[in-house]
Amino acid sequence: MLAIDTLLNGYYRITVVLDAYPDAELYRAIDQRSSLRVLITALPQPDQTAVNDVLRLARELAQVQMPGFLALRDYFAIEHICYLVADDPGGSDLERFARERGSPLSEQETLAIVDRLLAVLERLHRHQPPLLLGDVRTCDLWSSPEGGLSLAPFACARHIGTEATPYRAPELYDHTVEPAPVSDIYAMGAVLYLLLTSWPPPPANQRQAGMPLNAPRVLNPQVSVLAEQLTLRALELKPANRYQQVSEMRSALETVRLMAGRPMGATPPIEHPVTPVVPVPPPTAPVTAVPTPAPAGPLPPTPPPIAVPTASANTPVATAPSRPFLSTSCLLAIVGGLAVIALGVCVLVAVLVGLYMTNSSVFGWLGSTAAMAPTAPALPTPSAAVTTELRQQVEAIAQTAQLREDGLGAATYSPDSQLIAVAVGKVVQLRDAETLALRQSLNGHLGDVSALVFSPDGTILASGAQDDPVVRLWNVRNGREVLQLQGHEDWIRSLAFSPDGRLLASGSADRTIRIWDVARGETLVVLRGHTDLLGNVTFSPDGRRLASASRDGTVRLWDVVSGQQIDTFRFTAPVDTQSNTPFWMTGIAFSPDGRQIAAGSINGNVYLLDAETGNVQRELRGHDGWVVIRGVAYSPDGRLLASASLDGSVRLWNPVNGVEREVLRQRGLRLLGLSWSPDGSRILSSSDMGGNLAIWDVASAQIVQSFQITQGVVTGVHYSPDGKLLVASGANGAVRVHVLESGRTLNLDGGAATNDYIECISNNEVVAISEAGEIVVIDLTNRRPNEMLDGMNGFPLNLAVSPDRSLIAVGNERGEIYLWETASRTYLRRLDGLSGPVYTLAFSADNAYLAAATNQPADAPQIAVWELARGGNPQILRGHNGPIAKLVFSGTLLLSASSDGSLRMRDVAHGYAEVLQMSLPADRGWMTSVAITPNGKVLVAGTISGYLGFYNISNGELLREIDLASGAVLDLAITPDGRQLAVSTRDEGILLFDLSSVR
């Protein structure tokens, strides 16, 4: 057995021994090259021939990449021991997962989990030769912090064991019998039994000896009769009596789900008074859509009634739906969210942490102009006069409006655990810590609130904000502002109360720290010495010292009374080789005993420092994004250290030995900070991209409550055919339908939060993928109930509607595309030929072609193009060496933008010849989204670096470039009449531009 801290094969540092069997050992480890956690199994073999067989099988397993299957990342042999390395989802094994829930899972959640596992099993069995599990053990199934279970690849490479387990089929106790698909079906039946009842079934050899198998309804009366029959058939002792193929069991399972109460459509429409629409002129100045605050509860709020415009301004329409538009199955929402985060991880991570992938242009560039090279003579060469006229038209494009929600910021528990303070834009909300219901709103800051801290007795809340140099103190009981602390010359970045509550420290963008006497509201001392912006500040437990972190790469220790820096303490971060300066330091915290200081950095590491000298005791590696300013905190008892990062995770560490204990992941959405509950049982985290608060149970590493406050980052925008509605889809599955004439909004929740999960099919209808994996047509006027589109297998990932709104296409994780006729909702057919999960889809303007892209593998993405009239196999296009971000047609020209920095244009009607290729300069990164004006003259492209480019589509010439100063551009949409452009940005919401000059 490997010892803790063993460095295996030069890369993998063993952190935990999880299981040990006579024929296998299981470890958790850290991959030192990427600082990611992995699972490693050690499989001893009798001779070299057996070693070669296992490694050959491992090569086959490494080819399987799909949701629900932990990817096999590495495999090797040392002497006669084979080691297999797989992704670590950060959760618990099967039986611990079931125990931690405390009671049986609901039938619907259980069926969804098992269906996902069966989909994996079906894929393994289709492999040639089939990949079989054989002897499943509890350590072969792992949960993630978000829920659900994934299958590890280890069972496929392991021999049948000798000890009895509940998951081994009875025939496999005879070691002369080889595993078969029916034996794997028995294992899935045992998993189903465990999740439905909280008890594993008796091992098959004990059942054969006479031990009875209790029917699931005996142990859990809530189980339906159909679910019980499904389970018992899978657990038949005779192989011939079980389901013979996985597809057969999946079909039966789906029938159980449908008959056991799974929603098959929307609820009946609720009658509302008819409200006429009064058209108003479009705004000429920037406007802001005001969101409706969300009350507490398991679902987002009922949207307020609004009138949706139709083709005639005088036609009365019904009001908006009175409930969220999509059904909510928590597990499948997470499956859908994780699948797409995995597919688009290169693009999303870059959006979160602002790191640019760059690729040298094949053709070179001059200044900021994109390099371009025609590769076929299909495009006409524009005359100089035409180019000049087009350039003048593009120069006249101007921004007309901005649609932006207040951003979610810091969040913290009160000392008595009764309240949570949350920064929402310029407002501080005080919410009930249990229900998250809004208690009070504190108004007064001039900029977005950037820092919050409660006094130790919980009676005072201090807050600071951007564009506001004043620290404000609030009476928590009545919500009144009691004092303003003035003295800083720039905005407030961090705040900390002393343990006795008498002093308050504030770190400012003016690079100073002020220590205030709270009772008198006076500055006692100003700490000067940092040469760049402050990170966080923290008092020592005795209140005599103050520690501070800064972008200058240092952690400094100060004497509170004298205001002098303590010279015996020194720490400077390692040097960033790219900038040749120390990495910025961000979050900071004293241990409860005062002996240790934890400090986070933008390099993703947390440094454990001796509180007297600044010497590094441990360097904690694991995050692959910045550790944030409010992202380092010890538990109240000092036994755990938590760190939050822009990589979307909270990691729990043992501060004594530096061992990572757990990883809490929030669907890949960047986190702004964390706060421990006073009893140390829970952690609160906030995400600006997700617009939500998450409360984690520390013991189980599970989210016990998640509450959406804002929409978060808008990842998709779509116009209705008449251009009067703008549908904006958020990264958290929330949708805002903006009524552009009136400035009103309709709030819809429950989307799958995939790449493209909602689009308009008429002026008042949308089609969407729900978090439950259903494809739903929603009438925004509520005149008709929601309609389900049936006929699809697998989990839908992305959808597209044809330009004439006659067809709906939906792609799934298997690379299959399904088509429906919009008017009749009739399922038409399935298109096959794409080798991996569908990331993006595009119809040609005449409906003749449909293109789809997959980004697996990421360095060799694939585009499939079908001629819809002819059917058959698609044309497969390759060429990009980075994930594809967007596909779009202009006539018969297919444009593909990739994170390799290039855009390729192919003529699908003329042999798929590549007629143009463009590469962006390195400082622009790549095109994240592209759109074509309806007249086919101008290509509009948004970049990861926040630039908006307008190009002459006939030759790729850059006509104009706008620096939006808004973070990455995430999506673009142009109204069908070509008069308006919507640009979704990471940091500034949606920007609207007038395109009427482009004729």
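Numbering of residues starts from 1 in every chain and runs along the sequence as written. pLDDT decides what is reported in this predicted model: residues at 70 or higher carry local features, side-chain atom pairs at 80 or more are listed and counted, and totals for whole chains, interfaces and linings draw on all residues regardless. Each side-chain value is derived from all of the structure's non-hydrogen atoms; neither hydrogens nor water enter the calculation.

1. Structural notes on the overall build of the chain
Step number 1: The numbering of helices and of strands both runs from the N terminus, where a helix is a DSSP run of H or I of at least 4 residues and a strand a run of E of at least 2. Along the backbone of the chain there are twelve helices and 67 strands.
Step number 2: The buried label goes to any residue with under 20% of its type's maximum accessible area, the exposed label to any with over 50%, and the partly exposed label to all in between, with areas taken from a 1.4 Å probe on protein chains only. Evaluated residue by residue, the chain yields a buried proportion of 61% over its 999 residues.
Step number 3: We call two residues in contact when some of their heavy atoms are within 4.5 Å. Long-range pairs, those at least 24 residues apart, make up 51% of the contacts in the chain between residues at least 6 apart in sequence.
Step number 4: Accessible area for the chain stands at about 36900 Å²; split by element, carbon and sulfur atoms hold 51% of it. Computed with a 1.4 Å probe, the accessible areas rest on the Shrake-Rupley method; for each residue, only the protein chains presented here act as cover.

2. Some words on the pattern of salt bridges
Step number 1: Salt bridges, as used here, are contacts in which a Lys or Arg side-chain nitrogen is within 4 Å of a carboxyl oxygen on Asp or Glu. A full pass over the atoms with the stated rule returns 44 salt bridges.
Step number 2: For the salt bridge of arginine 28 with aspartate 88, the shortest nitrogen-to-oxygen distance reads 2.6 Å. Linking arginine 28 in strand β3 (residues 24-31) with aspartate 88 in the loop between β6 (81-87) and α2 (94-100), this pair joins segments that are 60 residues apart in sequence. Note on accessibility: arginine 28 and aspartate 88 belong to one class, buried.

3. A look at the packing of helix α3 (residues 107-126) against helix α5 (residues 181-197)
Step number 1: In contact at an axis separation of 10 Å, α3 and α5 are set at 160 degrees when each is read in the N-to-C sense. Overall, the two elements α3 and α5 adopt an arrangement that is roughly antiparallel. Handedness of the crossing formed by α3 with α5: right-handed. In this structure, α3 uses Glu107, Thr110, Leu111, Ile113, Val114, Leu117, Leu118, Leu121 and His125 to contact α5, whose residues at the interface are Pro181, Asp184, Met188, Val191, Leu192, Leu195 and Leu196. Structural elements are reduced to axes, namely lines fitted to C-alpha atoms, with helices fitted over the stretch in contact, and the angle between N-to-C directions of any two is expressed from 0 to 180 degrees. Convention used here: angles under 35 degrees read as roughly parallel, angles over 145 as roughly antiparallel, angles from 65 to 115 as roughly perpendicular, and any remaining angle as oblique. Crossing handedness: left-handed means the near helix sits turned counterclockwise from the far one by under a right angle, and right-handed means the same turn made clockwise.

4. Considering the nonpolar core
Step number 1: Counting 68 residues, the largest nonpolar core has Leu84, Leu124, Leu133, Leu195 and Met249 as the members making the most contacts within it.
Step number 2: Other than its neighbours up to four places away in sequence, methionine 249 contacts Leu118, Ile185, Met188, Gly189, Leu192, Leu230, Ala234 and Tyr243.
Step number 3: Nonpolar cores were defined as sets of buried Ala, Val, Leu, Ile, Met, Phe, Trp, Tyr and Cys residues, with membership established by side-chain atoms within 4.5 Å. By size, the runner-up hydrophobic cluster in this structure holds 30 residues, among which are Leu748, Ile758, Cys760 and Met788.

5. Things to note about the pairing of strand β54 (residues 849-854)
Step number 1: Extensive coverage of β54 is indicated by the burial of six of its six residues.
Step number 2: Covered by surrounding structure in β54 are Tyr849, Ala851 and Ala853 together with Leu850, Ala852 and Thr854, the residues of both alternating faces.
Step number 3: In short, DSSP must find at least two bridges between two strands for them to pair. Two elements, strand β53 (residues 840-843) and β54, share four bridges in a ladder whose sense is antiparallel. Across the sheet, the residue bridging to threonine 840 is alanine 853, located in β54.
Step number 4: The hairpin turn running from β53 into β54, its antiparallel successor, is five residues long, and asparagine 847 in that turn takes a positive phi close to 65 degrees.
Step number 5: Inspection of the sheet shows β54 paired to strand β55 (residues 862-867) by six bridges, in the antiparallel sense. Bridge pairing in β55 places threonine 854 opposite glutamine 862.

6. Points about unusual backbone geometry
Step number 1: A cis amide bond, omega -5 degrees, links glutamine 128 with the succeeding residue proline 129.
Step number 2: Along the polypeptide, proline 129 turns up in the loop between α3 and β7 (141-143).
Step number 3: Between glutamine 856 and proline 857 the backbone carries a cis peptide bond, its omega angle lying at 0 degrees.
Step number 4: Its identity is not glycine, yet serine 198 carries a phi of approximately 70 degrees, on the positive side.
Step number 5: Position of serine 198 relative to the elements: it lies in the loop between α5 and α6 (204-208).
Step number 6: Located in the positive-phi region is alanine 701, a residue other than glycine, with phi close to 60 degrees.
Step number 7: Structurally, alanine 701 can be placed in the loop between β39 (692-697) and β40 (702-708).

7. Quick look at the sheet that holds strand β17 (residues 468-475)
Step number 1: Across the sheet, four strands lie side by side as β15-β16-β17-β18; this open sheet has antiparallel pairing. The sheet is open, and its two borders are formed by β15 (449-454) and β18 (481-485), each paired with just one other strand. Looking at each pair of strands side by side, their axes are set apart by 20 degrees on average, direction ignored.
Step number 2: Pairing between β17 and β18: four bridges, direction antiparallel. Following the sheet pairing, arginine 472 is matched in β18 by glutamine 484.

8. Section: the pairing of strand β24 (residues 545-550)
Step number 1: Most of β24 sits inside the fold, with six of its six residues counted as buried.
Step number 2: Across four bridges, strand β23 (residues 534-539) lies against β24 in antiparallel orientation. What sits directly across from valine 537, in β24, is serine 548.
Step number 3: Adjacent in sequence and paired antiparallel, β23 and β24 are bridged by five residues, among which glycine 543 carries a positive phi angle near 75 degrees.
Step number 4: Relative to strand β25 (residues 554-559), β24 is paired through five bridges, and the arrangement is antiparallel. Its bridge partner lying in β25, alanine 547 is registered against leucine 557.
Step number 5: Connecting β24 to the next strand, β25, in antiparallel fashion are three residues, including glycine 553 with a positive phi near 85 degrees.

9. Quick word on the packing of aromatic side chains
Step number 1: Working definition: rings of Phe, Tyr and Trp (its six-membered ring) pair if their centres are within 6.5 Å, and the pair is stacked with planes under 30 degrees apart, edge-to-face with planes over 60 apart, and tilted otherwise. Scanning all chains against the criterion turns up nine aromatic pairs.
Step number 2: Here the aromatic rings of tyrosine 12 and phenylalanine 76 are separated by 6.2 Å at their centres, their planes lie at 5 degrees, and the arrangement is stacked. Of the two residues, tyrosine 12 is situated in strand β2 (residues 12-21) and phenylalanine 76 in strand β5 (residues 72-78); the sequence distance between them amounts to 64 residues. You'll find tyrosine 12 and phenylalanine 76 in the same group, each marked buried.
Step number 3: Between phenylalanine 571 and tyrosine 607, the ring centres sit 5.3 Å apart and the planes meet at 50 degrees, which makes this aromatic pair tilted. Here phenylalanine 571 is found in strand β26 (residues 571-572), whereas its partner tyrosine 607 is found in strand β31 (residues 606-610), with 36 residues between them in sequence.
Step number 4: Through a chain of ring-to-ring contacts, the aromatic side chains of Tyr11, Tyr12, Phe76 and Tyr83 assemble into a single cluster.

10. Describing the sheet that holds strand β41 (residues 714-719)
Step number 1: One open sheet accounts for four strands, arranged β41-β42-β43-β44; its pairing is antiparallel. The strands lining the two open edges of the sheet, one partner per strand, are β41 and β44 (744-748). Averaged over all adjacent pairs, the angle separating strand axes in this sheet is 20 degrees, with direction ignored.

11. Remarks on a nonpolar patch on the surface
Step number 1: Two joining distances apply to patches: 9 Å for like charges and 5 Å for nonpolar side chains (Val, Leu, Ile, Met, Phe, Trp, Tyr), and every residue must have over 30% relative accessible area and no salt bridge. On the surface, a cluster of nonpolar side chains totalling about 280 Å² of accessible area is made up of Met1, Ile4 and Val17.
Step number 2: Take methionine 1: it is sitting in the segment before β1 (7-8).

12. Structural notes on the packing of α5 against helix α8 (residues 225-234)
Step number 1: Remark: α5 packs on α8, axes separated minimally by 8 Å, with the N-to-C direction vectors making an angle of 140 degrees. Classified by the interaxial angle, the pair formed by α5 and α8 is oblique. Like other packed secondary-structure pairs, α5 and α8 cross with a definite hand, here left-handed. Residue-level contacts link Ile185, Tyr186, Gly189, Leu192, Tyr193 and Leu196 of α5 to Leu230, Thr231 and Ala234 of α8.

13. A word on helix α12 (residues 384-395)
Step number 1: Expected span of a helix: the number of residues minus one, times 1.5 Å. Taking 1.5 Å as the rise per residue, α12 with twelve residues should run 16 Å; its terminal C-alpha atoms sit 16 Å apart, in good agreement.
Step number 2: Looking at α12, one finds that the buried residues are Thr387, Leu390, Gln393 and Val394. Considered in projection along α12, the buried side chains sweep an arc of 125 degrees and stay on one side of the axis. Along α12, the residues that are exposed and aim more than 90 degrees away from the buried face are Ala384, Ala385 and Gln392.
Step number 3: The inward-facing, buried residues of α12 contact β62 (938-943), β63 (947-952) and β64 (957-963). It is the directions from the helix axis to the C-beta atoms whose arc is reported.

14. Brief notes about the confidence of the model for the chain
Step number 1: Each residue carries a pLDDT score, the predictor's confidence in it, ranging from 0 to 100. Per-residue confidence for the chain gives a mean pLDDT of 84, with 87% of residues at or over 70.
Step number 2: Confidence drops under a pLDDT of 50 for residues 260-370, and excluding neighbours within four residues, the segment shows 259 contacts in the predicted structure.

15. What about α8?
Step number 1: When α8 is considered as a whole, its buried residues turn out to be Ala227, Glu228, Leu230, Thr231 and Ala234. The arc that holds the buried residues of α8, viewed along the axis, is 160 degrees, so those residues lie on one side.

16. Comments concerning the environment of glycine 148
Step number 1: Within the secondary structure, glycine 148 sits in the loop between β7 and β8 (149-151).
Step number 2: Overall, the relative accessible area of 4% leaves glycine 148 in the buried class.
Step number 3: Measuring from C-alpha to C-alpha, the distance between glycine 148 and glycine 68 comes to 8.5 Å, with 80 residues separating the pair along the chain.

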